[in-house]
Amino acid sequence: SAACRVVVHVDLDCFYAQVEMIRNPALRDKPLGVQQKSIVVTCNYEARKCGVKKLMSVKDAKEKCPQLILVNGEDLTPYREMSYKVTELLGEFCPLVERLGFDENFVDITEIVEKRLKQLQGSGCSGACVSGHVYNHRGELNLLPINLHDTTHARLVIGSQVAEELREAVYARLGLTGCAGVASNKLLSKLVSGTFKPNQQTVLLPESCQDLMRSLDRIQKVPGIGYKMTKRLEALGVRSVCDLQAFPPAVLEKELGVSVAQRIQKLSYGEDDSPVIPSGPPQSFSDEDSFKKCSSEVEVKEKIEELLPNLLDRIHKDGRQPHTLRLTIRQFSSTERWLNRESRQCPIPPHLIQRFGKESSNILSPLVDILMKLFRKMIDVDLPFHLTLLSICFSNLKDLPSSKKGSIGFYLKQMSPPSGSGKRVREVEDVSQGEGSASQNQNCNRTGTTKARKLSEGKKSNIKEAGIPDCPFHLPFGDIDQEVFRELPQDIQKEIISEK
């Protein structure tokens, strides 16, 4: 049940700055800012003491803190790699870890808490105390308004202890500090985690939930209510959490639809039953660049060529092959500065998919050509245009076909053909690897299939005599060695046929 859940939200302190201080320990006790373009995207706490804030312009930051050291943070690789290390480490404690950006993770520790709760109850609930702060508790720390015989309270107390262990492990293994929030769901744990900063944690008791929600001065501070929804709510006169709680449900449902209205009204009360979904490997790889103005095809091509190498390197390290390519642009607008985006995508041609993971220079030029075609679908290059952002995304990632010894794929692929047929098999393989247009590829595939049928018919009678199922005609001939196929158990043969 919702009351039994314990979710921790881990939020790393000034993440980019911490990564830079780990890379260069000499920066640790100095005011440090991480710069992207003309903005200080984050800074350490030494810089914050001098009045530097996140997303401050470099000019203003230097005026506030002349001794500020700036590090270029436009290459996200070190931050991305450290981020995955954090998620992987948290996953050693609990399998339910969900990444939220580079510096945040949700961890559902319910199962761990339940085991410890039984041990605590066995000892008569003695010796348990909260680690960190209790939200809205104004007395001396850890002389709490907590009843350990109330299992909801006991779970959250144990959760605070687990959260401290998680934070200690991240610091001991990776050198990173962070805050944590402990609550009964994702929404509340995220909201409460930033109550005490830096390098501290806070637990939220059910009795204080409404105090926390009503402390939010703007409706957009509720996770799950974004910019567009905020504008729609403001048009209805809803500006605060209290406004949303008091708004007539029937009117809200009429304006927003039943499911959306019910969801956001539940959020306003701190109710969130969304599960912590293990993130696993990334579902896409993307990179973008923003700028003041890009207004020619030559500039667009240059921007694309700058973004692609890093993306291809990330895909190579991941080991999977993308099958879809997307280009996103943002045109200049004085009114809709952040929302004026447009995208186009297309499948990656099969002959290019095979090149991923190999020498990137072989694939760079054809990918640039595809992206420029997508660009021209969105922009009439004969008319003036003004872009402020370009983004490239590779998605629909799939594992490489298995070729490890011991797998079926190993025994069925790239086997030596039966004697006397080697030349013909190579002819089929050469045809199927052609790199022409889509229509040429289709014609080549049909040719290959026809030849494969003729070749397989020669063995058809022998296979039938042995009582073994025919090797299906629709399988490319070079894909399966029939002698190996015949040696496999029948259930494995059926499995292969069904997969094909």
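Residues numbered from 1 in each chain as written. Predicted model: local features only at pLDDT ≥ 70, side-chain atom pairs only at ≥ 80, totals over all residues. Heavy atoms only, no water.

The protein goes by DNA polymerase iota in an unreviewed UniProt entry, where it is assigned to Phalacrocorax carbo. Reading the Sequence similarities (unreviewed entry) entry of the UniProt record for the protein gives the comment "Belongs to the DNA polymerase type-Y family." (UniProt positions renumbered as here; feature names shortened; annotations may be inferred.)

Asker: Quick question: what am I supposed to make of the sheet that holds strand 2 (residues 32-36) here?
Answerer: What links the strands of a sheet is backbone hydrogen bonding, and the strands pair in either a parallel or an antiparallel sense. Strand order across the open sheet formed by four strands is 4-3-2-5, with mixed pairing between neighbours. Each edge of the sheet is formed by a strand with only one pairing partner; in this case those strands are strand 4 (56-57) and strand 5 (69-72). As paired elements, strand 2 and strand 3 (residues 39-43) share four bridges and run antiparallel to each other. Bridged to Gln35 within strand 3 is Val40. Sheet strands in contact with helix 1 (residues 15-23) are strand 2, strand 3 and strand 5, and its direction is about 110° off that of strand 2. (Pairing = 2+ DSSP bridges. Helix = DSSP H or I, 4+ residues; strand = E, 2+ residues; numbered from the N terminus. Contact = heavy atoms within 4.5 Å. Axes fitted to C-alpha atoms, helices over the stretch in contact; angles between N-to-C directions.)

Asker: Just to check I follow, could you spell out the pairing of strand 9 (residues 178-183) for this structure?
Answerer: Here is the key point about a regular strand: its side chains alternate between the two faces of the sheet. Summarising burial for strand 9: six of the six residues are buried, a large majority. Where strand 1 (residues 7-12) and strand 9 come together, six bridges link them in antiparallel fashion. Bridge pairing links Val8 to Val182 in strand 9. Pairing geometry for strand 9 and strand 10 (residues 201-203), over three bridges, is parallel. Looking at strand 10, one finds that Gly181 is bridged to Thr202. (Buried < 20%, exposed > 50% of the residue type's maximum accessible area, 1.4 Å probe, protein only.)

Asker: Just to check I follow, could you spell out the sheet that holds strand 14 (residues 387-395) for this structure?
Answerer: Taken together, the four strands give an open sheet; going across it, the order is 11-14-12-13, and neighbouring strands pair in antiparallel fashion. The outermost strands of the open sheet, each flanked by one partner alone, are strand 11 (284-294) and strand 13 (341-347). Sheet twist, expressed as the average angle between the axes of neighbouring strands with direction ignored, equals 15°. In the sheet, strand 12 (residues 324-331) pairs with strand 14 via eight bridges, with the strands oriented antiparallel. Counted as the bridge partner of Thr324 is Ser395 from strand 14.

Asker: What's the story with the side chain of Ser160 in this structure? I'm lost.
Answerer: On the secondary structure map, Ser160 appears in helix 6 (residues 151-174). Taking the relative accessible area as the measure of exposure, Ser160 reaches 1% and is therefore buried. Excluding anything up to four places from it in sequence, Ser160 contacts Cys129, Val130, Ser131, Val182, Gln201 and Val203.

Asker: Before we go on, may I ask you to explain the packing of aromatic side chains in this structure?
Answerer: Aromatic ring pairs are described here by two measures, namely the spacing of the ring centres and the angle between the planes. Following the criterion strictly, the structure yields five aromatic pairs and no others. Relative to Phe102, the ring of Tyr16 lies with its centre 6.4 Å away and its plane at 50°, an arrangement referred to as tilted. On the criterion of sequence distance, the pair formed by Tyr16 in helix 1 and Phe102 in the loop between strand 6 (97-100) and strand 7 (104-108) is long-range, its members being 86 residues apart. There is no split in this pair, since Tyr16 and Phe102 are both buried. Measuring from ring centre to ring centre gives 5.7 Å for Phe356 and Phe394, while their planes differ by 75°; the resulting arrangement is edge-to-face. Of the two residues, Phe356 is situated in the loop between helix 14 (350-353) and helix 15 (361-378) and Phe394 in strand 14; the sequence distance between them amounts to 38 residues. (Phe/Tyr/Trp six-rings, centres within 6.5 Å; stacked < 30°, edge-to-face > 60°.)

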